[in-house]
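# Coordinate analysis (summary)
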Amino acid sequence: MAERGRYLRDRVRATVDALEHLVGGLGTAILALAALLLLLVVAVASLAGVGLLLVPSALQVVRSATDRERARLSRWGSDLPLPPPVPAGLRDALRDPWVRRDVAFVATHGTAGFALGLFGMALPLDSVQYLLFPLYFWALPPGESPGLVFWPVDGLLDALAVALLGVGWLSLAVALVPRMARLQALPGRRLLAPPRDVDMSLRIAELTATRAAALDAHAVELRRIERSLHDGAQNRLVAVTVLLGAARRALTRDPARAEEILDRAHDAAELALAELRAVVRGILPPVLDDRGLAGALAGLAAGCGVPCLVRVDVPGRCAASVEATAYFVVAEALTNVSRHSGAANVAVTVLRDADRLHVTVVDDGRGGADESHGSGIGGIRRRVEAHDGRFTLTSPPGGPTTILVELPCGS
């Protein structure tokens, strides 16, 4: 029973998300349709020769419409980089593969995408209209039927039949709307992606930058470990050595003094051991092995100075390095919240979607976070980019501050 309820909740949530996608896609489809109509007008005018002067401006309008769709799809998980500017010359513009893909997109999205968006919105709206019809049918003229209902409604039984039709219409919406949203987004994902040769160049540049970030993060981590060992444990061990030497010399002259020195040496050794354990925990926290990512983040939330709500939905285990990076991100973010934000509450959400791990940290503090001011945000970015992940910081003055991290976690 609980599994069935969870399944229904997931389907409803997927339908609502898909409906949001369809509404956003309808907005960009209207822009694409306007751009397509402009292209047709310019093409007709070009037959007389006067439209050729308008082609560059029309292509700029097309590029503006496609960039809106690129931005929309990028917010929903498809990484679509912005293309270079439209070439100034008419011949160069018509030969540009980006321009040809943009024109193909507005032709497809402005027609099929527009129709899918309208039908996708009509399905749930009609469902609600039919389901609620028994509540207001009495206010309509006798025999009047809503929407696609083909029989006259003369009483409560007819109105209940309309409501039953609404149940079937709603089931159809739950089944079709997610598929329609994916179908509406398909031309954008295919046509607005970089051409194959350009995509390979961008990927090489991205991997080069990622490799440099990984090397920088590795060097920073080595410096941190070396500094921790040199300034902490090494000094403690030197103190232990000095104290043991002093205790040996005092054994014959003042045994009571020797016992006091040995106690101090014992305390110094314990401090050195504690600092070594802290260094080891900073490399790969043992709590991840003992309690998993959910338990480790719950421990961080319990020790946070600001009330923290943690939600983790990660079936199975990710790679140890990915879990360690997620733990580091949350630990550093919660430290910043406690020290700098003035927040009253903070929420941590960790979700796994296919082969991507999404980490979100949101606080209701004063905002204005800037990674250039040495608050540790730059370290989070470097560590995330070292894993070929994505880091986004949104912190307007007055708040809230939102950190979004996406890590690849395919096994």
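Sequence positions are assigned chain by chain, starting from 1 and proceeding in written order. pLDDT decides what is reported in this predicted model: residues at 70 or higher carry local features, side-chain atom pairs at 80 or more are listed and counted, and totals for whole chains, interfaces and linings draw on all residues regardless. Water and hydrogen atoms were dropped before computing side-chain values, which therefore reflect all heavy atoms in the structure.

## Structural notes on the overall build of the protein
Of the regular secondary structure elements, the protein holds 11 helices and 5 strands. Each residue gets one of three labels from its accessible area relative to the maximum for its type: buried under 20%, exposed over 50%, partly exposed in between, using a 1.4 Å probe on protein chains only. Every one of the 411 residues in the protein was classed for burial, and the buried ones make up 34%. Sequence separation of 24 or more characterises 67% of the internal contacts of the protein that already satisfy a separation of 6 or more. For the area figures, the Shrake-Rupley method with a 1.4 Å probe applies, and any residue is considered shielded solely by the protein chains shown. Carbon and sulfur atoms make up 63% of the accessible area of the protein, which totals about 23,400 Å². By definition, any uninterrupted DSSP run of H or I lasting at least four residues is a helix, any uninterrupted run of E lasting at least two residues is a strand, and each is numbered from the N terminus. Here, residues are in contact when the closest pair of their heavy atoms is within 4.5 Å.

## Topic: the confidence of the model for the protein
On average, residues of the protein score 79 in pLDDT, and 82% of them are at 70 or above. pLDDT expresses, on a scale from 0 to 100, how confident the predictor is about each individual residue. Here helix α7 (residues 196-253) stands out as the element of the protein with the lowest mean pLDDT, 66, in contrast to strand β3 (residues 356-363), whose mean of 89 is the highest.

## A short note on the pairing of β3
The side-chain alternation of β3 yields one buried face, formed by Leu357, Val359, Val361 and Asp363, and one unburied face, formed by Arg356, His358, Thr360 and Val362. Two strands qualify as a pair provided DSSP detects at least 2 bridges between them. Pairing of strand β2 (residues 346-353) with β3, which is carried by 8 bridges, proceeds in the antiparallel orientation. Residue pairing across strands places alanine 347 opposite valine 362, the latter belonging to β3. Here β2 hands over to β3 after 2 residues, with alanine 354 in that stretch at a positive phi of 60 degrees. Relative to strand β5 (residues 401-408), β3 is paired through 8 bridges, and the arrangement is antiparallel. Of the residues in β5, the one forming a bridge with valine 361 is isoleucine 403.

## Some remarks on the environment of arginine 11
Relative to the helices and strands, arginine 11 resides in helix α1 (residues 2-47). Taking the C-alpha atoms as reference, arginine 11 lies 7.0 Å from valine 174; in sequence the two are 163 residues apart. In contact with arginine 11, not counting residues within four places along its chain, are Val174 and Ala175.

## Concerning the nonpolar core
Residues Val350, Leu357 and Val405 are the most contacted members of the largest nonpolar core, which totals 33 residues. Sorting the residues of this core by element identifies α9 (286-302), α10 (320-341), β2, β3, α11 (377-386) and β5 as the ones contributing at least two each. Among the elements that make up this core, the one with the highest residue count is α10 (9 residues). Beyond its immediate chain neighbours, meaning those up to four positions away, leucine 357 contacts Leu293, Val314, Cys318, Val322, Ala326, Val350, Leu351, Arg352, Val405, Glu406, Leu407 and Cys409. Throughout this description, the term nonpolar core refers to a set of buried Ala, Val, Leu, Ile, Met, Phe, Trp, Tyr and Cys residues connected via side-chain atoms within 4.5 Å. Residues Ala35, Ala58, Leu59 and Ala93 belong to the second largest nonpolar core, which totals 19 residues.

## Comments concerning the sheet that holds strand β1 (residues 308-313)
Ordered by their spatial adjacency, 5 strands build an open sheet running β1-β2-β3-β5-β4, and the pairing between neighbours is mixed. Unpaired on one side and paired on the other, β1 and β4 (390-394) mark the two borders of the sheet. Strand-to-strand twist in this sheet, taken as the mean axis angle between neighbours without regard to direction, amounts to 10 degrees. With axes taken as lines fitted to C-alpha atoms, and helix axes fitted only over the stretch in contact, angles between N-to-C directions fall between 0 and 180 degrees. Against the sheet, α10 engages β1, β2, β3 and β5, with an angle of about 10 degrees to β3.

## Quick look at the pattern of salt bridges
Salt bridges are defined as contacts in which a side-chain nitrogen from Lys or Arg sits within 4 Å of a carboxyl oxygen from Asp or Glu. Under the counting rule described, the total for this entry stands at 7 salt bridges. In this structure, glutamate 69 engages arginine 72 in a salt bridge whose closest nitrogen and oxygen atoms are separated by 2.9 Å. Of this pair, glutamate 69 and arginine 72 both sit in helix α2 (residues 55-75), 3 residues apart, which is roughly one turn of the helix. Like glutamate 69, the residue arginine 72 is buried in the burial classification. The partner of glutamate 406 in a salt bridge is arginine 390, with the nearest N and O atoms 3.1 Å apart. With a gap of 16 residues between them, glutamate 406 in strand β5 and arginine 390 in strand β4 connect regions that are remote in the sequence. Arginine 390 sits in the partly exposed class, given a relative accessible area of 30%. Members of the salt-bridge network, linked through shared partners, are Arg63, Asp67, Arg70 and Asp102.

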